[in-house]
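# Notes for the structure review
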Amino acid sequence: MFSIKSALAKPFAKRVKKSILKWANNPIETQEKVFQELISTAAATQFGKDHNFIGINNHNDFVKAVPVRDYEDLKPYVERVVAGEEDILWKGKPIYFAKTSGTTSGAKYIPLTKESMPTHVEAARNAILMYIAETGNSKFVDGKMIFLQGSPILEKKNGIELGRLSGIVAHYVPNYLQKNRMPSWETNCIEDWETKVNAIVDETLPENMTVISGIPSWVQMYFEKIKEKTNKNVGDVFKNFSLFIFGGVNYEPYKAKFESLIGRKVDSIELYPASEGFFAFQDKQNEKGMLLQLNSGIFYEFIKADEFFEDSPKRITIKDVEVGVNYVMIISTNAGLWAYNIGDTIEFTSIKPYRVIVSGRIKHFISAFGEHVIGKEVEQALQEAVEGSNIQVTEFTVAPQINPTEGLPYHEWFIEFENEPENLLELEEKIDKSLQKQNSYYFDLIEGKVLRPLKITLIKKEGFKNYMKSIGKLGGQNKLPRLSNGRDIATSLIKLNLTK
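So, a few notes on the structure that sits alongside this text. The structure presented is a predicted model; accordingly, all values stated were derived computationally and were not measured.

Regarding its fold elements, the chain presents 18 helices and 18 strands. On C-alpha atoms alone, the chain measures out to a radius of gyration of 23 Å, which is about the 23 Å that the 2.2 N^0.38 rule sets for 500 residues. The principal-axis extent of the C-alpha atoms belonging to the chain is close to 65 × 60 × 45 Å. In the chain, 67% of the contacts between residues at least 6 apart in sequence involve partners at least 24 apart. Total accessible area computed for the chain in this model is approximately 22,700 Å², and 49% of it derives from carbon and sulfur atoms. Side-chain charges of the chain comprise 63 positive and 64 negative groups, with the mean position of each set lying 5 Å from the other.

What follows is the structure in structure tokens.
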């Protein structure tokens, strides 16, 4: 059936693509313009005065004047903003605080300003429009769309509204999509995640769902409940479901399980959103990586991950980055974050245009023996090992076993399978070989008999879900760390009797 909405989406998508290509094809000039605008706008703020922004003319000046900070280091300024003071990190006051749960500092309050807020919404919209421009597929705009997200109920703190970023963004759904949007406001406000997912299943089952989005692990839970309730594949329940939008974690480890739950392949778009900024989105279906948002009020710096913990690691801009190097991403934004370490590591897959993948977290790695294994490496090793088999992984995490009861230390992989491998030893060997191939330090430690090859510990069905529930982090934007340099998660899994 002909639809005005889907017909209009195509010319609109072409227009947006043209404007994106304009800055993507002029990356260095675009970033320089963003840098100068940020510095001049914030020169009169408290932070700008404390760091002599008026004397900053270029990146070298900025490096000398503004040290890299994480949330803890920036906290004294943030606390003044939270207390209601104006012109501290950015001009005026923020319009929201995105509240996130920090591991060391309790709740974190990330400011969102009237300049930064639109960039979160536009980037998500542009990701969909670039997909339409590339594929010509716009029929899905007539169906129902769902985003599994946090509650949109906002609190107030000194006159400023605060909540989860996904809950804040729920207030910005454009009018033309309001009728298509699921779940209902009431359901979205349910705090308990399992109750919420059950309510979403009931609401969406009779609908023409065409777009489903969220963090893969939580969407998987939604899909499993649909299959349980209907005894059908998700693709048979929602015959017009054609687009999966995700962010937050790598989709590859979940892909085989998803395709089995859906019963067919669907296109997907990867996003890289965070409370601190919307950094990138997938702009091409057949290109690896996501287009870095260079024109969104964010100035980027990069530090090589293996130099990050040195005394004065070198900070570079996009003009000096290389493909395939693991970098810690540092941001300065029009929300008032300055030389801010968000904790993510990224790799460039392309520099014409600048595309990135998220390779892990600078704090989530294993280097108990100097191997510095990162998230991307363990995900790739597992993916290569199960390729071409019928093994489906539900979830996994990795920790070092430094003091085994016997033999050499090793990496312990805690894996929950949908269908377990017939030969666990063979799978262990395949994963280990892939990891050795990717990481020369790990290879040397195995060869030098400092470590023995990895071991898999099986996790019971729904074990990871029960673990996340036990720490109060079930659902929403919460993610299980792929790697830990210690055994806190491993110990909890064993203590909770979640291992087989």
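The discussion continues.
Our next topic: the environment of E418. Counting through the fold element by element, E418 comes out in strand β17 (residues 410-419). In the structure, E418 is positioned 161 residues away from K257 in sequence and 7.7 Å away in space, judged by C-alpha atoms. Within the structure, the side chain of E418 is placed 2.9 Å from the side chain of K257, a separation counted as a polar contact.

Our next topic: the pattern of salt bridges. Following the criterion strictly, the structure yields 22 salt bridges and no others. Across the pair E462 and K465 runs a salt bridge, and its minimum N-O distance is 3.4 Å. Exposure remark for E462: the relative accessible area of 40% places this residue in the partly exposed category. Here the salt bridges do not stand alone but share partners, grouping E194, E462, K465 and K469 into one network.

At a minimum axis distance of 8 Å, the contact between helix α14 (residues 375-386) and helix α15 (residues 424-438) shows a crossing angle of 135°. By the angle between their directions, the pair α14 and α15 is classed as oblique. α14 and α15 meet at a crossing whose hand is right-handed. Taking contact as the criterion, the partners of K376, E377, V378, Q380, A381, L382, E384, A385 and V386 in α14 are, on α15, L427, K430, I431, S434, L435, K437 and Q438. In terms of residue class, the contact of α14 with α15 is made up of 8 nonpolar, 3 polar and 5 charged.

Our next topic: the sheet that holds strand β10 (residues 277-281). Taken in spatial order, the 11 strands line up as β6-β3-β7-β8-β9-β10-β11-β15-β14-β13-β12 in an open sheet, and their pairing is mixed. With partners counted over all chains shown, the strands left at the sheet margins are β6 (181-182) and β12 (298-304), one partner each. Alignment of strand β7 (residues 209-213) against strand β8 (residues 243-247), held across 3 bridges, turns out to be parallel. The partner of V211 across the bridge, within β8, is L243.

Taking strand neighbours across the sheet as the criterion, the 3 strands line up as β16-β17-β18 in an open arrangement whose pairing is mixed. Since the sheet does not close on itself, it has two edges, and those belong to β16 (392-401) and β18 (455-458), each with one partner. Neighbour to neighbour, the strand axes of the sheet diverge by 30° on average, direction disregarded. Of the pairings in the sheet, the one linking β16 to β17 comprises 9 bridges and is antiparallel in character. Paired with E395 across the strands is E416, a residue of β17.

With respect to the helices, strands and loops of the structure, N439 is situated in the loop between α15 and α16 (440-447). A polar contact is formed between the side chain of N439 and the backbone nitrogen of Y442, at a distance of 2.9 Å. In this structure N439 touches E371, H372, V373 and E377, once residues within four positions along its chain are discounted.

Applying the stated criterion to the full structure yields 29 aromatic pairs. A ring pair is formed by F302 and F348, whose centres lie 5.2 Å apart and whose planes are at 75°; its orientation type is edge-to-face. Placement of F302 in strand β12 and of F348 in strand β14 (residues 340-351) is noted, with a sequence separation of 46 residues between them. An identical accessibility class is assigned to F302 and F348; each is buried.

The rules behind the values
- Residues numbered from 1 in each chain as written.
- Predicted model: local features only at pLDDT ≥ 70, side-chain atom pairs only at ≥ 80, totals over all residues.
- Heavy atoms only, no water.
- Helix = DSSP H or I, 4+ residues; strand = E, 2+ residues; numbered from the N terminus.
- Rg over C-alpha atoms; globule rule 2.2 N^0.38 Å.
- Contact = heavy atoms within 4.5 Å.
- Areas by Shrake-Rupley, 256 points an atom, 1.4 Å probe, with all protein chains shown as cover.
- Lys, Arg positive; Asp, Glu negative; His and termini not counted.
- Charge placed at Lys NZ, Arg CZ, Asp CG, Glu CD.
- Polar contact = N/O pair within 3.5 Å; in protein donor to acceptor, adjacent residues only side chain to side chain.
- Salt bridge = Lys/Arg side-chain N within 4 Å of Asp/Glu carboxyl O.
- Buried < 20%, exposed > 50% of the residue type's maximum accessible area, 1.4 Å probe, protein only.
- Axes fitted to C-alpha atoms, helices over the stretch in contact; angles between N-to-C directions.
- Parallel < 35°, antiparallel > 145°, perpendicular 65-115°, else oblique.
- Left-handed = near helix turned anticlockwise from the far one by under 90°.
- Nonpolar A, V, L, I, M, F, W, Y, C, P; charged D, E, K, R; others polar.
- Pairing = 2+ DSSP bridges.
- Phe/Tyr/Trp six-rings, centres within 6.5 Å; stacked < 30°, edge-to-face > 60°.

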